[in-house]
Amino acid sequence: MKNKFRYKVGIEATLSDYVVKCYNKRSQLMSKIQLPKELLRYEVHFNVMRKVNECGIYCLADLLNHNHVYRLSKLVLSTLEDLVHFEPKLLNQRLTTPDKRLVNQWKNPKEIATLMKDNSQRFRRQRRRFKELSFEVEMSTLTEVKKAIHAKEKRLLQLDYTTIKQIDFFLSNYQK
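Described below are features of the structure shown in this document.

Conventions used here
- Residues numbered from 1 in each chain as written.
- Predicted model: local features only at pLDDT ≥ 70, side-chain atom pairs only at ≥ 80, totals over all residues.
- Heavy atoms only, no water.
- Phe/Tyr/Trp six-rings, centres within 6.5 Å; stacked < 30°, edge-to-face > 60°.
- Helix = DSSP H or I, 4+ residues; strand = E, 2+ residues; numbered from the N terminus.
- Buried < 20%, exposed > 50% of the residue type's maximum accessible area, 1.4 Å probe, protein only.
- Core = buried A, V, L, I, M, F, W, Y, C linked by side-chain atoms within 4.5 Å.
- Salt bridge = Lys/Arg side-chain N within 4 Å of Asp/Glu carboxyl O.
- Patch = residues over 30% accessible without salt bridge, like charges linked within 9 Å, V, L, I, M, F, W, Y side chains within 5 Å.
- Areas by Shrake-Rupley, 256 points an atom, 1.4 Å probe, with all protein chains shown as cover.
- Lys, Arg positive; Asp, Glu negative; His and termini not counted.
- Charge placed at Lys NZ, Arg CZ, Asp CG, Glu CD.

On to the packing of aromatic side chains, then. Working definition: an aromatic ring pair is given by the centre-to-centre distance plus the angle between the planes. Within this structure, the stated rule accounts for three aromatic pairs. Consider the rings of Trp106 and Phe123, whose centres lie 5.5 Å apart with planes at 20°: the pair is stacked. Remark: Phe123 occurs in helix 6 (residues 120-136) and Trp106 occurs in helix 4 (residues 97-106); sequence separation between them is 17 residues. The pair Trp106 / Phe123 is uniform in exposure class, with both members buried. Cluster of aromatic residues (ring-pair linked, three or more members): Trp106, Phe123 and Phe130.

And the structure:
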């Protein structure tokens with residue numbers, strides 16, 4: 001992903017049911033707003049609403065149901081499991097020689113793409129091990145993203161019916 005100045009700001013991955021975008025919002029808004037620090041933005045755009053509907057959500061008012069919000073949060077968290085992310089803190093860990101080789105290989109997206117094309121079984125095996133290594137890192141980026149998603153879930157659970165109706169009214173007028 002690039003901003004209007006053609007600077008790289010993030011990544012975008014298209015899967016069968018959804019598109020995932022992960023980027024630094026500060027880089028995207030370089031000239032408009034001065035943010036004090038980096039701001040990771042993680043977006044999931046569903047191509048087919050079937051997945052969201054399976055959570056029981058068909059309109060904004062459905063977000064008043066705590067069970068629906070919880071299921072939606074679980075759905076968003078499950079999209080993180082499909083991603084392979086490189087954890088920079090891995091470079092500072094004490095690793096075995098094979099794990100060091102694996103980390104060095106997996107920090108290069110081109111090598112990963114080649115491996116996926118050439119040997120899918122080896123790719124899956126290495127991906128599983130790489131994810132294990134990433135999760136072993138204390139306070140990894142992924143852990144922080146999961147905490148932020150849980151915090152967003154809690155804020156959604158605090159919304160009341162009036163607020164949802166005001167948002168719904170605004171969106172329906174905006175579409176006209």
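Counting residues in each nonpolar core, the largest one holds 19 residues, and the members touching the most others are Tyr42, Val44, Phe46, Ile57, Leu80 and Ile149. Where this core is concerned, the elements lending two or more residues are strand 2 (18-24), strand 3 (40-46), helix 3 (66-81) and helix 7 (141-157). Counting residues per element, this core draws most heavily on helix 3, at six residues. Judged by nonpolar contacts, the second largest core, of 11 residues, contains Trp106, Ile112, Leu115 and Phe130.

Turning our attention to the pattern of salt bridges. Following the criterion strictly, the structure yields five salt bridges and no others. Note that Asp17 is salt-bridged to Arg50, the shortest N-O span being 3.4 Å. Remark: Arg50 occurs in helix 2 (residues 50-54) and Asp17 occurs in the loop between strand 1 (10-14) and strand 2; sequence separation between them is 33 residues. A salt bridge links Arg129 to Asp99, with the nearest nitrogen and oxygen atoms 2.7 Å apart. Of this pair, Arg129 sits in helix 6 while Asp99 sits in helix 4, and the two are 30 residues apart along the sequence. For Asp99, a relative accessible area of 10% translates into the label buried.

Turning to a positive patch on the surface, a few remarks are in order. On the surface, Arg122, Arg124, Arg125 and Arg128 cluster together into a patch of positive charge. Tracing the backbone shows Arg124 in helix 6. On the basis of relative accessibility, which here comes to 44%, the residue Arg124 falls in the partly exposed class.

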